[in-house]
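# Examination of the molecular architecture
Listed below are the residues making up each chain.
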Protein chains: 2
Amino acid sequence: MENIFTDEYFMKKALQEAETAFEKGEIPVGAIIVIDNKVIARSHNLTELLNDVTAHAEMQSITAAANFLGGKYLKDCTLYVTLEPCQMCAGALYWSQISKIVFGSRDEQRGFQTLGTKLHPKTQVNQGVLAQECGDLMKRFFAEKRK
Amino acid sequence: MENIFTDEYFMKKALQEAETAFEKGEIPVGAIIVIDNKVIARSHNLTELLNDVTAHAEMQSITAAANFLGGKYLKDCTLYVTLEPCQMCAGALYWSQISKIVFGSRDEQRGFQTLGTKLHPKTQVNQGVLAQECGDLMKRFFAEKRK
């Protein structure tokens, strides 16, 4: 039987969150956290609504997943996020010891890979999943902002 | 007239927060944020109590200060924190565009300076303020933990 629980499958759910952010006028980034193919956290960027630079999608999902699990380490968890995490979010993911990070489009300027943020040695990374769709949503957002 | 509002003056307040963390069994890091010599946020590490790796003292103070100011940028604000910020906190401070960061003792292993986290170009840094007192509290905490 075909495994439906692919990285693309879960990234689509993160993209739905990003679309919700878009509709609210937030920079459209969405994230979910999954354990054993079960979504235990879902969130989108809320920096404008909350007036809070720390309200990135990943940060909210880390807090929500830890709350769900009843412990602060996200062992055996995978984060799906539509945009490459920034220094802050990668730094939080470092502390969480999360098992896997999957992201969509790259953030060449402010992404953790460009800036050299250190992840936990236990953390695997898979990038470029639905990169086109994730990136297009960002481009559309900034194009509309400039109008 | 002598200016009582020195970096040492405010770092003592951050140290009081760190001591509160110590009493709760949390890694003893405290932070405050000041604007025009007025303390607008105070916090201490709560990662154990909240089961949340994002609950560092600095992160809570950034959120609280932005809430107080009604905007997410911490222009003209100074953060006082007893320990050198980590990647996550420095990354959050980058987004906040905070004017100044003053920290006490260095974190040689996980501090943002060692790991090369990028701060905002507008942000000044002053380090080593009450470094001995701040560092001693950390050492005492870990010595007791090992008992």
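Not measured: the values here are computed from a predicted model. (Residues numbered from 1 in each chain as written. Chains lettered and ligands numbered in written order. Predicted model: local features only at pLDDT ≥ 70, side-chain atom pairs only at ≥ 80, totals over all residues. Heavy atoms only, no water.)

## Re the sheet that holds strand E5 (residues 124-127) of chain A
All names here are of chain A. The test is simple: Strands pair, by our definition, only if DSSP identifies at least two bridges between them. The way it works is that DSSP assigns letters per residue, a run of H or I at least four long becomes a helix, a run of E at least two long becomes a strand, and they are numbered from the N terminus. Here the axes come from fitting lines to C-alpha atoms, over the contacting stretch only for helices, and the angles between their N-to-C directions go from 0 to 180 degrees. When checking whether two residues touch, look at their non-hydrogen atoms; a contact exists if any pair is within 4.5 Å.
Across the sheet, which stays open at both edges, the 5 strands sit in the order E2-E1-E3-E4-E5 with mixed pairing between neighbours. Each of the sheet's edge strands pairs with one partner strand only, and the pair in question is strand E2 (38-44) and E5. Here the strands of the sheet are splayed against their neighbours by 15 degrees on average, with no regard to which way each runs. Relative to E2, strand E1 (residues 30-35) is paired through 6 bridges, and the arrangement is antiparallel. Within E2, the position partnered with Gly30 by the bridge is His44. Seen against the sheet, helix H3 (residues 57-69) touches E1, E2 and strand E3 (77-83) and runs at an angle of roughly 145 degrees to E2. Docked against the sheet, helix H6 (residues 131-146) engages E3 and strand E4 (100-105), running at close to 60 degrees with respect to E4.

## Side note on the relation of the copies chain A and chain B
This is how it is decided: A least-squares superposition brings the copies together, and it is based on the C-alpha atoms of residues with pLDDT no lower than 70 in both.
The transformation that overlays chain A on chain B combines an axial shift of 0.0 Å with a rotation of 180 degrees, and the residual RMSD is 0.0 Å. Classification of the inter-copy transformation places it as that of a two-fold axis. Considering only C-alpha atoms, the residue of chain A closest to the rotation axis is A:Met88, which sits at 2.0 Å. Mapped onto chain B, 100% of the interface residues of chain A again fall at the interface, so both copies present the same surface.

## Let's talk about unusual backbone geometry
How we decide: Three exposure classes are used, based on accessible area relative to the maximum for each residue type with a 1.4 Å probe and protein chains only: buried under 20%, partly exposed in between, and exposed over 50%.
Located in the positive-phi region is A:Asp36, a residue other than glycine, with phi close to 50 degrees. Along the chain, the position of A:Asp36 falls in the loop between E1 and E2. Residue A:Asp36 is classed as exposed on the basis of its relative accessible area, which comes to 71%. Within the chain, B:Asp76 stands out as a residue other than glycine whose phi angle is a positive 65 degrees.

## Overview of the side chain of A:Ser105
Residues and elements named next belong to chain A. Following the sequence through the fold, Ser105 ends up in strand E4. Residue class for Ser105 comes out buried when judged on its relative accessible area of 9%. Apart from the residues within four sequence positions on either side, Ser105 is in contact with Thr82, Leu83, Glu84, Ala131, Cys134 and Gly135.

## Focus: the packing of aromatic side chains
How we decide: Any Phe, Tyr or Trp ring, taking Trp's six-membered ring, that has another such ring centre within 6.5 Å forms a pair; planes under 30 degrees apart are called stacked, those over 60 apart edge-to-face, and the others tilted. Any Lys NZ or Arg CZ found within 6 Å of a ring centre and within 35 degrees of that ring's normal is scored as a charge over the ring.
Applying the stated rule across the entire model yields 16 aromatic pairs over all chains. Taking the centre distance of 5.3 Å and the plane angle of 35 degrees together, the rings of B:Phe10 and B:Tyr80 count as tilted. Separated by 70 residues along the polypeptide, B:Phe10 in helix H1 (residues 7-23) and B:Tyr80 in strand E3 (residues 77-83) bring together distant segments of the chain. Comparing B:Phe10 with B:Tyr80, the two get one shared label, buried. These aromatic residues form a ring-pair network of at least three members: A:Phe5, A:Tyr9, A:Phe10 and A:Tyr80. Here the basic side chain of A:Arg140 rests over the ring of A:Phe22, its NZ or CZ set 4.8 Å away from the ring centre.

## Overview of H3(A)
Residue and element names in this part refer to chain A. Put simply, the rule is: A helix is expected to reach a length of 1.5 Å times the quantity of its residues less one.
If you check H3, its first and last C-alpha atoms are 18 Å apart, about what 13 residues at 1.5 Å a residue would give, namely 18 Å. For H3, the set of buried residues is Ala57, Glu58, Met59, Ser61, Ile62, Ala65 and Ala66. Two residues or fewer after H3 comes Gly70, characterised by a positive phi angle close to 75 degrees.

## What about the interface of chain A and chain B?
Note the threshold: Accessible area that two parts lose when put together, with a 1.4 Å probe and added across both, is what the buried area reports. Basic side-chain nitrogens of Lys or Arg form a salt bridge, by our definition, when they fall within 4 Å of a carboxyl oxygen of Asp or Glu. A 3.5 Å cut-off defines polar contacts: any pair of N or O atoms within that distance qualifies, except that in protein one atom must be a possible hydrogen donor and the other a possible acceptor, and neighbouring residues in sequence count only when both atoms are side-chain atoms.
Counting from both sides, the interface comprises 27 residues of chain A and, opposite them, 27 residues of chain B. Summed over both sides, the interface of chain A with chain B buries roughly 2,400 Å², with 60% coming from carbon and sulfur. Contact with chain B buries surface across chain A, with A:Val53, A:Lys72 and A:Trp95 losing the most and accounting together for 29% of the total. Close ionic contact of A:Lys72 with B:Glu48 constitutes a salt bridge, the shortest N to O distance being 2.7 Å. Taken together, the links from chain A to chain B amount to 12 residue pairs in polar contact (both at pLDDT 80 or more).

## A short note on the state of the cysteines
Defined as follows: Any cysteine sulfur atom paired with another within 2.5 Å is treated as part of a disulfide.
If you walk through the whole model with that rule in mind, you get 0 disulfides over all chains. With no disulfide of its own, A:Cys134 lies closest to A:Cys89 among cysteine sulfurs, the gap being 15 Å. Looking at A:Cys134, the relative accessible area reads 2%, which means it is buried. Of all cysteine sulfurs in the structure, the one in B:Cys89 sits closest to B:Cys77, which takes part in no disulfide; the separation is 16 Å.

## With respect to the UniProt feature "binding site: Zn(2+)" (unreviewed entry) in chain A
Under the convention used in this document: UniProt positions are given in the numbering used here, feature names are shortened, and annotations may be inferred rather than shown by experiment.
Per the UniProt record, "binding site: Zn(2+)" (unreviewed entry) is annotated on A:His56, A:Cys86 and A:Cys89. What stands out for the annotated residues spanning 34 residues is how close their C-alpha atoms remain, the widest pair being 9.3 Å apart. In this fold, A:His56 is placed in the loop between helix H2 (47-50) and H3. Leaving out residues up to four positions away in the same chain, A:His56 has contacts with A:Asn45, A:Thr47, A:Cys86, A:Met88, A:Cys89 and B:Trp95. Its place among the elements puts A:Cys86 in the loop between E3 and helix H4 (87-96).

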